[in-house]
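Fold and geometry: a report
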Amino acid sequence: MAVSSNDDKPYGHCLLARDTPQNRALFPNGPFGNEPVAASICPSGDCPHYSYTEDIKGSHAIHETPIHILVASFRDRLCGRTLHNAFQHADNPHRLYIRVIQQTKPDSGLDDDIGCWDYYCEHYNQNCDIYKHQVRIVPVNAEESKGPTWARSKLSAMVEWDFTHPHDLDFVPVHLQDFCMQIDSHMDFSDHFDTELIDMFHLTKNDYAVLSTYVTDIAENNKDPKNVPNLCMVTFTSSIRNWGTKECTNLKTPKLTNAMWGAGLSFHRCHAEVNVPVDPYLDNVFDGEEGSRGIRFFTHGYDVYTPHRVLVTHDYHGHQSNPVVHTWGHTGGGPVKQESHWKWMDEIDFARSGVSVFGSQRVNLLLGIGPEDPQLLAETELIRNSRYGLGTKRTLEQAIEFTGINLREMKMETNKCGNLEWVPFEESHNYGIDELLSRSRAAESVQPYREAAGAVAAAEDVIEMNVTPQRIRFNASGSGLPVSTTTFDYSLMGGLVCAALALVVRVSTRKRHKNEKHKN
C-alpha cells in the first residue's frame, strides 16, 4: 500500500483494520489500512442541530459553565489523587462539581478504603476545605456492590434528582446546558482541560455531541500525542462488548463514530445525562453497559465523537496492578457503616418490583441480541419504552445500519471505523426532556412531566451559579412525582398568591402589635 503524505490527509486519517489473518476472517474483503477523514459529515445539506453557543471559545461563559464530574470508585486509593488532578489542572476549579459513588470496605485498615475525600485532604491538599462544597461523596459498603454499571446508575440518578428537584437538592442544581463528565476514579487531566473540552465540544457543531473513547495512558498526560484511540468495533460475550480499539492520527476536529461509547470518559451536556441515564437495573453487568448506552444515545439523537486531542488520561498500571480493586463480588464481611438509603433512589427502588429481567439479559432484550424469545416480547417492549430504553429520534434499525453490527446474529457485519454521515432526525422541544421524564421506570403508572414556573429563581436561591440560568423543571408539590397539568399551573399560582397574602397579613399584624407594645 502506497504511503500518503499528511498533505493528502488535511483532516487526519483513521485506521480501518490491519491486514492480518484474524481481520481477514472477520472481513474477507476488507477494508484494510487507513482512510483519510472527510471534510464533512453532512449528507445532502443536513447537518447536526447546533444552536447553543453561549459558552463558545472567546466567550466569558466558557470559563464559567459548570461541569458535573461523575466518578464511580471501587476501593481505589487513586481516587483522592483524581480529585487533586482535576482541581489542580482546571482553568477554573471552582466550576467543577464532583459526585463520587465511593465503594469501600469498612475497617479494612487499607489505604484503598480510606475514602476519596479523606485521602485527598491527607495526601494532597491540607487546605481542602476550599473545595468541600464542590464534592459530594456517597459512601457505599463494597459488600453491597453490584458492579460498575450499578454504581454509575446512581450517579445518573443523582443528576436527574438535582435537575428535577431544585427545592430539595441532594447536592447542587443541574441545568440542561451544564456539562456532565463521566470518568473513572484513577485519572489525570491536561492543563486547562475544562475549557479545552468545552471548546472541543463546540468543534463538533452539534448540541447533541458526546465526546467519548477509551482514554490514553497517564504517561501521555500533557504531551498532546497525535494518535488518539477510536472506538468502532465490538465482540460478543454474555452481551455486546467494545473490542479491537482502533486509532486516528492528526485529527483536526472530533471524529463522528458509529455510536460506540466508552464508560471511562464521556463528556456531554447534562441534558444527555438526563435523557439517557445509566440503567439502574443492570445488576452485575460489565459487558453490555457501553454498547447499549451508545446505541441508546444514538436513538435519542445523540452522536458519539472520538476526541481529537488527549485531554484526559487513565492510570492503567497503577489501577490494574492493585489486586484490591479486583475484589468486586467477594469483599468479605464487616459491619455496614456506609449509607444505604438515598432519596434520589426511592422511585427507582420502588419501580424495581415491576422489573422481571435484570443484568445482561435486560441489555440483550433491549437491543435484540441473539435469538428472539416469544415469551419475552412483552418484557422487551416494556424495557424499550421505559426511561432506560430506546429513544424516538432514530430507530433501532437505523442504529444497526449505522453501527455495522448485526445484533441478532451477534457479529460485526460492516467495518464502520472510517467516514460516517450524520443521520438526520426531527428535534424535539427542550431536547425531548418532557417526553423522557414522562416515561415509566418499569411498569409503574406515570403522568406527563411538565415545566413549572419559578423554578429557576428557586434554584438560584439555593446556590449561586456564575452562568446564565437555564430553565429548570420540577414538581411543584415537592414530591418529585410527575404531575399532569397544562403549560401554566393555576393551582400553583393560586397557592403562591395565598401564601403571599398570608405573609402580608402576618407582617402587618406583627407591625401593629409592635407599635402597640411600643406605645404601652
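These notes cover the structure that comes with them. (Residues numbered from 1 in each chain as written. Predicted model: local features only at pLDDT ≥ 70, side-chain atom pairs only at ≥ 80, totals over all residues. Heavy atoms only, no water.)

A few points about the sheet that holds strand β17 (residues 312-314)
The criterion, for reference: At least two DSSP bridges between two strands are needed for those strands to be called paired. To qualify as a helix, a DSSP run of H or I must reach at least 4 residues; to qualify as a strand, a run of E must reach at least 2; elements of each kind are numbered from the N terminus.
Taken in spatial order, the three strands line up as β7-β17-β9 in an open sheet, and their pairing is mixed. The sheet is open, and its two borders are formed by β7 (187-189) and β9 (216-217), each paired with just one other strand. Direction of pairing for β9 relative to β17: parallel, over a ladder of two bridges. Across the sheet, residue Thr-216 finds its bridge partner in β17, namely Thr-313.

Focus on the sheet that holds strand β14 (residues 255-256)
Where we set the bar: Residues count as neighbours in contact if any of their non-hydrogen atoms are within 4.5 Å of one another. Axis lines are fitted to C-alpha atoms, over the contacting stretch for helices. Their N-to-C directions set the angle, which ranges from 0 to 180 degrees.
A sheet is described by the order of its strands in space; here eight strands give the open sequence β5-β4-β3-β6-β15-β8-β16-β14, paired in mixed fashion. Two strands bound the open sheet, and with one partner strand each, they are β5 (135-141) and β14. Examined bridge by bridge, β14 and strand β16 (residues 303-306) share two bridges and lie antiparallel to one another. Note that in β16 the partner of Lys-255 across the bridge is Thr-306. Strand contacts of helix α4 (residues 148-164): β3 (67-74), β4 (96-104), β5 and β6 (179-183), with the helix running at about 145° to β4, the strand carrying the most contacts.

Examining the layout of surface pockets
Selection criterion: Cavities and pockets were defined on a 1 Å grid built from protein atoms only: a cavity is a group of points that admits a 1.4 Å probe but offers it no way out, a pocket is an open group of points flanked by protein on both sides within 12 Å along at least five of seven lines, and a lining residue is one with an atom within 4 Å of any such point. Grid points are joined across faces, edges and corners, and a volume is the space filled by probe spheres set on the points. Under the grouping applied here, Gly and all other residues not named as nonpolar or charged are polar, the nonpolar ones being Ala, Val, Leu, Ile, Met, Phe, Trp, Tyr, Cys and Pro and the charged ones Asp, Glu, Lys and Arg.
What the second largest pocket holds in volume is close to 440 Å³. Lining the second largest pocket are 23 residues, with Ala-39, Ser-40, Ile-41, Thr-253 and Pro-254 sitting closest to its centre. Its residues placed into classes, the lining of the second largest pocket shows 15 nonpolar, five polar and three charged.

Points about the side chain of Asn-364
Using the following cut-off: Here a polar contact is recorded for every N or O atom pair within 3.5 Å, except that within protein the pair must consist of a potential hydrogen donor and a potential acceptor, and residues adjacent in sequence are included only if both atoms are side-chain atoms.
Its place among the elements puts Asn-364 in helix α10 (residues 359-367). For Asn-364, the side chain forms a polar contact with the side chain of Ser-239, separated by 2.8 Å. Residues in contact with Asn-364, not counting those within four places in the same chain, are Ser-238, Ser-239 and Ile-369.

Examining the pattern of salt bridges
Going by this rule: In what follows, salt bridge is the name for a side-chain nitrogen of Lys or Arg lying within 4 Å of a carboxyl oxygen of Asp or Glu. Each residue's exposure class comes from its accessible area (1.4 Å probe, protein chains only) as a fraction of the maximum for that residue type: buried when under 20%, exposed when over 50%, partly exposed otherwise.
If you walk through the whole model with that rule in mind, you get 27 salt bridges. Its salt-bridge partner being Arg-99, residue Asp-162 comes within 2.9 Å of it at the nearest N-O pair. One end of the pair, Asp-162, is in helix α4; the other, Arg-99, is in strand β4, and 63 residues separate them in sequence. In this pair, the class of Asp-162 matches that of Arg-99, namely buried. For the salt bridge of Asp-303 with Arg-394, the shortest nitrogen-to-oxygen distance reads 3.0 Å. Of this pair, Asp-303 sits in strand β16 while Arg-394 is found in the loop between α11 (377-384) and α12 (396-403), placing the two residues 91 residues apart along the sequence.

Observations regarding the pairing of β5
Working note: regular strand, side chains alternate between the two faces of the sheet. When you tally the buried positions in β5, you get seven out of seven residues, the bulk of the element. Judged by which residues are buried, β5 turns out to be covered on both faces: Val-135, Ile-137, Pro-139 and Asn-141 on one side and Arg-136, Val-138 and Val-140 on the other are all buried. As paired elements, β4 and β5 share seven bridges and run parallel to each other. Bridge pairing in β5 places Val-100 opposite Ile-137.

Focus: the packing of helix α2 (residues 79-89) against helix α3 (residues 116-123)
Our working rule: By the definition adopted for this analysis, an angle is roughly parallel if under 35 degrees, roughly antiparallel if over 145, roughly perpendicular if from 65 to 115, and oblique otherwise. The hand of a helix crossing depends on one turn: near helix anticlockwise from the far one by less than a right angle means left-handed, and clockwise means right-handed.
Closest axis-to-axis distance for the α2/α3 pair is 7 Å, and the angle between their directions is 65°. The angle between α2 and α3 places the two elements in the roughly perpendicular class. In this structure, α2 meets α3 at a crossing whose hand is right-handed. Counting all contacts with α2, which are made through Cys-79, Gly-80, Leu-83, His-84 and Phe-87, the residues of α3 involved are Cys-116, Trp-117, Tyr-119 and Tyr-120. Residues that form the contact of α2 with α3 fall into these classes: seven nonpolar, two polar and no charged.

Looking at the state of the cysteines
Rules: Our working definition of a disulfide is a cysteine sulfur pair at a distance within 2.5 Å.
For the structure on display, the rule yields six disulfides. The disulfide partner of Cys-14 is Cys-248, and the gap between their sulfur atoms is 2.1 Å. Residues Cys-14 and Cys-248 are joined by a disulfide whose S-S torsion is about 105°; by sign, that bridge is right-handed. With Cys-14 in strand β1 (residues 13-17) and Cys-248 in strand β13 (residues 246-249), this pair connects stretches of sequence that are 234 residues apart. In this structure, Cys-14 and Cys-248 share a single accessibility class: buried. Across a sulfur-sulfur distance of 2.2 Å, Cys-180 and Cys-270 are joined as a disulfide pair. One disulfide, between Cys-180 and Cys-270, carries an S-S torsion of 105° and so falls in the right-handed class. Of this pair, Cys-180 sits in strand β6 while Cys-270 sits in helix α6 (residues 270-275), and the two are 90 residues apart along the sequence. As far as the burial class goes, Cys-180 and Cys-270 line up, both buried. Cysteine pairing for the chain (bonded cysteines numbered in sequence order): 1-10, 2-3, 4-5, 6-7, 8-11, 9-12.

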